[in-house]
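# Reading the structure
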Amino acid sequence: MVGVEIMNYIKNKIQVVKAVSMVTYKEWSAYRTHSMVSIFVGPVYFMVQYFIWKAVYSGNSVLNGMELSQILTYFGVTALIGYLTMDFADWNLQMLVRTGKFLTFALRPVHHRFFALSQKIGHRILGLLFEFLPCLFIFVFIFKVNMIPASPGWTVLSIVLAFLMNFYLNYIIGLTAFWLVQSTSIRRVYQLLLGIFSGGLIPLVFFPVYLQKLLFFLPFQYVSYVPTMVFTGKYSLAGIKMGIPEIVGIQAAAVLLAALASEAVYRASMKRFTGVGA
Amino acid sequence: MKSNYPGIYRECIKVSFATAATYRFNFVLNAIIMLVSNVLFPLVTILIYGSGAGFPGWSFYEVLLIQAVFTLSAGISGALFNGILWVTMRHIIEGSLEIVLIKPVDCLFYLVASTFEPDSIGLIAGGCIMFAIAAGNAGAISLLMWLQFLALFLAGLLVMMGISFIMAATSFKWVGNSRIPEIFESIKSFGKYPQSILNKSAAAFAAFVIPVAMVGCFPAAALLGKASMPMFAAVIPCVLFALSGIFLYKYMIRLYEGVGG
């Protein structure tokens, strides 16, 4: 009996994910040209990176253990992973809280976080089709960047974990709206830290060693740097080299911690929630 | 009756600060974040030079000066012009531009004035700090260099203004696309580094087509005594670019069809 109940529970969850993600996909398909902006923006940023690093490497063949071709692959992969993991659950949630519309979600028989995650899945399927794939072709066929992962299975797993990590972190930031109401400033602080310490700006091995050590204990590297390095098949930070299964295992543990933290903050925020009929 | 434009602008700025004061915590934090984020903007440059590499022919402080000038320009133009995109976008989505059009004042002027962004003070402050550090380490700067810098810096502001107006004009047709700024942000990034790192076609594009080199690189080069004739010649496309932004926005207003707001 318990087995049947578990199966029904899972079946129900899958149906919710399918329904919500499909609706979100269709909703955002109406604005697919918004996603397609990335087809211009991604390659332009890549070109800028190309010029910067070509100039920087003109007097060096290796910098911090990376060659020019590796660094170009790094930026290409970082951009592509960004399209798959992009998230604005924080913005959505703070808007729902500020406008009082969260009440309508509090009444539904689905946890809001699960609903938001399902929305993100639908939204990122659109990203896969209109951002990831076109940019992948541009990077491979126009910029001639090597886009073949060292181990496809681990890479996919690491990207899925990065997807979840980004979501949970953003969700926690969104929950701060229950205390601050207008939480745009907190969001910007977080986005700034994420932008710098996730490795999106520059590979983390370029940071001072003490900062690299600190980054082991912060969640940012698991959003971008780790999946990118898993893609390349070599992971190192602060002089510590790790096998791909080890770092993906650590990434999974970090995601679990983030999920637990988001649940703890969610429960605390529910104690502050008051609804007056939005 | 002739409109009192300076008076309107003054009042709009007062209202902007009063609005910011309503959400004081958010305003202060936003300004601080802008300051911090822009002090961190040259992080890539710092890390590159910190690892013993660099841009050939450019010292660290010279590159920092380019990025300081870019930040200052972004801060000033952010306060003065950036808001027009979002307000135009909102009016187009809601169909409420008529409310502005029926006012006895130029629509473009009114929208620019009423969207003054006090938050950009943080960005300007961040730019000033970076500028002071970089200019202090860049060697002696003569009066002529300062004058050249000022002229090119103003031309850079014209480019930023043109970009803001073109983005806002685009939102008349590309309704509700909040990613329009990303397109121009990516193009602007060509102006954040020494132009000598670009290939010829990219450098020509950044100097004469969408002259983003004038936002950061050219004024900084003038301060460093590296100004050349093509840099001064690039002032002309800057003026034309700004005028094309104004023309395009006004043209889109003429095309706008409202049904009562």
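Parameters and conventions
- Residues numbered from 1 in each chain as written.
- Chains lettered and ligands numbered in written order.
- Predicted model: local features only at pLDDT ≥ 70, side-chain atom pairs only at ≥ 80, totals over all residues.
- Helix = DSSP H or I, 4+ residues; strand = E, 2+ residues; numbered from the N terminus.
- Rg over C-alpha atoms; globule rule 2.2 N^0.38 Å.
- Buried ≥ 20, exposed ≤ 12 C-beta atoms within 10 Å, placed from the backbone.
- Contact = placed C-beta atoms within 7 Å.
- Axes fitted to C-alpha atoms, helices over the stretch in contact; angles between N-to-C directions.
- Parallel < 35°, antiparallel > 145°, perpendicular 65-115°, else oblique.
- Left-handed = near helix turned anticlockwise from the far one by under 90°.
- Arc of directions from axis to C-beta.
- Core = buried A, V, L, I, M, F, W, Y, C linked by C-beta atoms within 7 Å.
- Nonpolar A, V, L, I, M, F, W, Y, C, P; charged D, E, K, R; others polar.
- pLDDT = per-residue confidence, 0-100.

### Focus: the overall build of chain A
Along chain A, the regular secondary structure elements total twelve helices and four strands. A globule of 278 residues ought to have a C-alpha radius of gyration of about 19 Å, and chain A, at 20 Å, matches this closely. Each of the three principal axes of chain A carries a C-alpha extent, and together these read 65 × 45 × 40 Å. The buried share among the 278 residues of chain A stands at 42%. When contacts within chain A are restricted to residue pairs at least 6 apart in sequence, those whose partners lie at least 24 apart make up 82%.

### Some remarks on the packing of helix α4 (residues 89-99) of chain A against helix α7 (residues 152-175) of chain A
Residue and element names in this part refer to chain A. At a closest axis distance of 7 Å, the pairing of α4 and α7 adopts a crossing angle of 25 degrees. When the interaxial angle is binned, α4 and α7 end up roughly parallel. Read as a crossing pair, α4 and α7 show a hand that is right-handed. Judged by residue contacts, Ala89, Asp90, Asn92, Leu93 and Gln94 of α4 engage Phe167, Asn170, Tyr171, Ile173, Gly174 and Leu175 from α7.

### Digging into α4(A)
Residues and elements named next belong to chain A. Among the residues of α4, Ala89, Asp90, Leu93, Gln94, Leu96 and Val97 are the ones counted as buried. Along the axis of α4, the buried positions cluster into a sector of 155 degrees, meaning they face one direction only. Lining the buried residues of α4 we find α5 (102-106), α6 (112-142), α7, α8 (177-180) and α9 (184-197). One or two steps after α4, the chain reaches glycine 100, where phi turns positive at roughly 85 degrees.

### Quick word on the interface of chain A and chain B
The partner chain B presents 28 residues to the 27 residues of chain A that form the contact. Elements supplying a minimum of two residues to the side of chain A that touches chain B: α2 (32-56) and α9 of chain A. Take the side of chain A that touches chain B: its biggest share by element is eleven residues, from α2(A).

### A look at the nonpolar core
Core analysis: the largest hydrophobic core is formed by 143 residues, its most contacted members being Met165(A), Leu65(B), Val159(B) and Met214(B). Among the elements that make up this core, the one with the highest residue count is helix α9 (residues 143-173) of chain B (15 residues). When sequence neighbours within four positions are dropped, the list of residues in contact with Val159(B) reads Pro211(B), Val212(B), Met214(B), Val215(B), Cys238(B), Phe241(B) and Ala242(B).

### Focus on the packing of helix α5 (residues 83-94) of chain B against α9(B)
All names here are of chain B. As a packed pair, α5 and α9 sit with axes 8 Å apart at the nearest point and diverge in direction by 10 degrees. As far as their axial angle goes, α9 and α5 are roughly parallel. Taken together, the residues of α9 that come into contact with α5 (itself represented by Ile84, Leu85, Thr88, Met89 and Ile92) are Ser164, Phe165, Met167, Ala168, Ser171 and Phe172. Within the contact of α5 with α9, the residues separate by chemical class into eight nonpolar, three polar and no charged.

### A short note on unusual backbone geometry
Apart from glycine, the bulk of residues carry a negative phi angle, and the bulk of peptide bonds sit in the trans form. Residue and element names in this part refer to chain A. Notably, lysine 144 is not glycine yet its phi reads approximately 55 degrees, a positive angle. Looking at the element boundaries, lysine 144 is found in the loop between α6 and α7. The class of lysine 144 is exposed, set by 10 C-beta atoms lying within 10 Å. For alanine 238, which is not glycine, the phi torsion reads 55 degrees and is therefore positive. Position of alanine 238 among the secondary structure elements: in the loop between β3 (235-237) and β4 (240-242). Taking the C-beta count within 10 Å as the criterion, alanine 238 has 16 such neighbours and is therefore assigned partly exposed.

### Quick look at the confidence of the model for chain B
Residue and element names in this part refer to chain B. Looking at chain B as a whole, its pLDDT mean stands at 90, while 98% of the residues score no less than 70. Averaged pLDDT values over the elements of chain B bottom out at 76 in helix α2 (residues 24-39) and peak at 96 in helix α14 (residues 235-255). Predicted complex, confidence summary: ipTM 0.87, pTM 0.87.

### With respect to the environment of Val110(A)
Residue and element names in this part refer to chain A. With respect to the secondary-structure elements, valine 110 resides in the loop between α5 and α6. Each C-alpha atom, one on valine 110 and one on lysine 13, is 9.2 Å from the other, the two residues being 97 residues apart in sequence. Each residue touching valine 110, except ones within four places of it in the same chain, is listed here: Val16 and Phe115.

### So, the environment of Leu65(B)
Structurally, Leu65(B) is set in helix α4 (residues 60-80). Among residues more than four places away in sequence, those in contact with Leu65(B) are Ala134(B), Ala135(B), Ala138(B), Ala220(B), Leu223(B) and Leu224(B).

### Some points on the environment of Val41(A)
Residue position: Val41(A) is located in helix α2. A tally of 20 C-beta atoms within 10 Å means that Val41(A) is categorised as buried. In the structure, Val41(A) is positioned 94 residues away from Cys135(A) in sequence and 9.6 Å away in space, judged by C-alpha atoms. Those residues in contact with Val41(A), other than ones at most four positions away along the chain, are Glu182(B), Ile183(B) and Ser186(B).

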